[in-house]
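Each chain, letter by letter, is given below.
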Amino acid sequence: MGIGWSRRRWIVAALVVAAATFVLESGLLGLRAIEISPYTLNWVADSTMMAFVVLAALSQLGIQTTSFIAILGAAGLAIGLNGLLTAFLLPILMAIFRF
């Protein structure tokens, strides 16, 4: 008897979050343009894991969680693309649709 599939998934997710936190804190990717507090990274990692736990618990109770996951994904995409839209696409759209 080994570790179940569900537990393996959570172990892998925890390791991925820990590795991402380490990479961001150590600056291995050269992403030090914006200083990020270790407390902020811990808060983001804790919040992410708590969201996974809540969604897994709701799923175990028989509640469909696909719509929640889609909403969270859309919100994350909107937040992530906000700077891209402002910096690059807005001047292009203004040039195309100028009156």
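Fair warning: this is a prediction, and the values are worked out from it, not measured in the lab.

### Section: the overall build of the protein
Within the protein one finds three helices and zero strands. Ordering the α and β elements of the protein from the N terminus gives α-α-α. Split into buried and exposed, the 99 residues of the protein put 6% on the buried side.

### Regarding the confidence of the model for the protein
Of all residues in the protein, 79% attain a pLDDT of 70 or more, and the chain-wide mean is 76. Of all the helices and strands in the protein, helix 1 (residues 5-26) carries the lowest mean pLDDT, 75, while helix 2 (residues 38-60) carries the highest, 83.

### Some words on a nonpolar patch on the surface
Together, Phe88, Leu89, Ile92, Leu93, Ile96 and Phe97 make up an exposed nonpolar region whose accessible area comes to about 630 Å². Relative to the assigned elements, isoleucine 96 resides in helix 3 (residues 66-96).

### As for the environment of threonine 65
Tracing the chain through its elements places threonine 65 in the loop between helix 2 and helix 3. The exposure class assigned to threonine 65 is buried, which follows from its relative accessible area of 11%. With near-sequence residues (within four places) excluded, threonine 65 lies in contact with Leu55, Leu58 and Ser59.

About the cut-offs
- Residues numbered from 1 in each chain as written.
- Predicted model: local features only at pLDDT ≥ 70, side-chain atom pairs only at ≥ 80, totals over all residues.
- Heavy atoms only, no water.
- Helix = DSSP H or I, 4+ residues; strand = E, 2+ residues; numbered from the N terminus.
- Buried < 20%, exposed > 50% of the residue type's maximum accessible area, 1.4 Å probe, protein only.
- pLDDT = per-residue confidence, 0-100.
- Patch = residues over 30% accessible without salt bridge, like charges linked within 9 Å, V, L, I, M, F, W, Y side chains within 5 Å.
- Areas by Shrake-Rupley, 256 points an atom, 1.4 Å probe, with all protein chains shown as cover.
- Salt bridge = Lys/Arg side-chain N within 4 Å of Asp/Glu carboxyl O.
- Contact = heavy atoms within 4.5 Å.

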